[in-house]
Amino acid sequence: MKTIIKGTEFYYIESGDPAKTSVIFIHGFPFSHAIWQEQLAALGNEFHSIAYDFRGMGNSGVGDGQYTLEGHVDDLITLLDFLQIDQAVIVGLSMGGYIALRALERNPERFLAVVLCDTRSEADDNAGKIKRANAAQAVKKDGSAVFAEAFIPAVFTEHAIQQALPAVKMITKIICANDPVAIAGNLIAMAARTDTTASLKKITVPTLILVGAEDKLTTPEDARNLQSQITGSVLHIVPDAAHLSNLENPQFFNERLLEFLDSLG
Ligand code: MLT
């Protein structure tokens, strides 16, 4: 399904029962809503699930290719308004987690609970910003396929890559289909994002934290930092998984997710 937000087409999928608790899923960079298929299937009719493509990614429009985390939060709140959802559980993976944490800081009244997957609260340091700037230049010059080739080893376990598991093929296909201008724009958005660490102590909603045991981008240590600062939060380390813990070990991930969602009552 599609809606227009500030002149740009937004794509989202919806499943389950709209009368039940809404759970909105935000993918990581540079992916799409498609990474959440197994989670939507697991939630079935017990919840109302929504997964959307954030600006520039998947089937959503590229617009002018200039993005900020603030704009991504505006888009999320506008989408919730459009869907007439007052409050939702927010599930964000990696950059989706950056968006979720900033959304919680800005609009806490819109969220019932949060699930932070393979993410962190710290902004990029100088070396990180420079790396993003170089990657943004490179993807515009070399294209999305070259970017995907370099990015895949950073997000999957060696086992997944060696076995060329379906998840690796799916993510490669998603990255290759994304516009280099949008990939560059979202790299710059991440480089310019604010640090949300100071507000972690203000989070009062139930919080679940999940991280792949072999995540090299947002490590188990980053996840432990989140857990130590969010009161009452629960952390699970997902075995046999790297940065895309929901794709590499969906069984473990979904069990923990459903356990958490059921505990909300
Ligand atoms: C993501 O998966 O969203 C990104 O790799 C996160 C990042 O690069 O900081």
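Residues numbered from 1 in each chain as written. Predicted model: local features only at pLDDT ≥ 70, side-chain atom pairs only at ≥ 80, totals over all residues. Heavy atoms only, no water.

**Q** Could you give me a rundown of the overall build of the protein chain, with the residues and numbers involved?
**A** Check the secondary structure of the protein chain and you find 11 helices and 8 strands. In terms of overall size, the protein chain behaves like a compact globule, its C-alpha atoms giving a radius of gyration of 17 Å where 265 residues would be expected to give roughly 18 Å. Counting only C-alpha atoms, the protein chain reaches 50 × 40 × 35 Å along its principal axes. The burial tally for the protein chain puts 56% of its 265 residues in the buried class. Considering only contacts in the protein chain between residues 6 or more positions apart, those separated by 24 or more positions represent 77%. As presented, the protein chain carries roughly 11,100 Å² of accessible surface, and 53% of it is formed by carbon and sulfur atoms. Treating the 21 positive side-chain charges of the protein chain as one cloud and the 32 negative ones as another, the clouds have centres 5 Å apart. (Helix = DSSP H or I, 4+ residues; strand = E, 2+ residues; numbered from the N terminus. Rg over C-alpha atoms; globule rule 2.2 N^0.38 Å. Buried < 20%, exposed > 50% of the residue type's maximum accessible area, 1.4 Å probe, protein only. Contact = heavy atoms within 4.5 Å. Areas by Shrake-Rupley, 256 points an atom, 1.4 Å probe, with all protein chains shown as cover. Lys, Arg positive; Asp, Glu negative; His and termini not counted. Charge placed at Lys NZ, Arg CZ, Asp CG, Glu CD.)

**Q** Could you give an account of the nonpolar core, naming the residues involved and the relevant values?
**A** In this structure, Trp-36, Leu-76 and Ile-171 are the most contacted members of the largest nonpolar core, which totals 87 residues. The biggest single contributor to this core is helix α3 (residues 95–106), with 7 residues. With sequence-adjacent residues up to four places away left out, Leu-76 is seen in contact with Ile-24, Ile-26, Tyr-52, Ile-90, Ile-99, Ala-103 and Phe-111. (Core = buried A, V, L, I, M, F, W, Y, C linked by side-chain atoms within 4.5 Å.)

**Q** Outline the site of the ligand, supporting the account with residue identities and numerical values.
**A** Inspection of the region around the ligand gives Gly-28, Phe-29, Phe-31, Ser-94, Met-95, Tyr-98, Arg-132, Phe-151, Met-190, Leu-217 and His-243 as its neighbouring residues. Between an oxygen atom of the ligand and a main-chain N or O atom of Phe-29, the distance comes to 2.7 Å. Across the shell around the ligand, the residue classes tally to 7 nonpolar, 3 polar and 1 charged. (Near = heavy atom within 4 Å. Polar contact = N/O pair within 3.5 Å; in protein donor to acceptor, adjacent residues only side chain to side chain. Nonpolar A, V, L, I, M, F, W, Y, C, P; charged D, E, K, R; others polar.)

**Q** I'd like a rundown of the pattern of salt bridges, residues and numbers included.
**A** Summed over all chains, the structure comprises 16 salt bridges. As a salt-bridge pair, Lys-6 and Asp-75 come within 3.9 Å of each other at their nearest N and O atoms. In this pair, Lys-6 is assigned in the loop between β1 (2–5) and β2 (8–16) and Asp-75 in helix α2 (residues 69–82), connecting sequence segments 69 residues apart. With a relative accessible area of 1%, Asp-75 lands in the buried category. Across the pair Asp-124 and Arg-120 runs a salt bridge whose closest N-O atoms are separated by 3.7 Å. Both residues of the pair, Asp-124 and Arg-120, belong to the buried class. (Salt bridge = Lys/Arg side-chain N within 4 Å of Asp/Glu carboxyl O.)

**Q** Residues and numbers for the environment of Ser-228, please.
**A** Here Ser-228 shows up in helix α9 (residues 220–229). The exposure class of Ser-228 is exposed, given its relative accessible area of 54%. For the pair Ser-228 and Leu-200, spaced 28 residues apart in sequence, the C-alpha separation works out to 9.4 Å.

**Q** Any details on the packing of helix α5 (residues 144–155) against helix α7 (residues 166–177)? Residues and values, ideally.
**A** Contact geometry of α5 with α7 gives a least axis separation of 8 Å together with a crossing angle of 145°. Our pair here, α5 against α7, has a crossing hand that is right-handed. Within the contact between the two elements, α5 uses Ser-144, Ala-145, Phe-147, Ala-148, Phe-151 and Ile-152 and α7 uses Val-168, Ile-171, Thr-172, Ile-175 and Cys-176. Of the residues that constitute the contact of α5 with α7, the class distribution is 9 nonpolar, 2 polar and no charged. (Axes fitted to C-alpha atoms, helices over the stretch in contact; angles between N-to-C directions. Left-handed = near helix turned anticlockwise from the far one by under 90°.)

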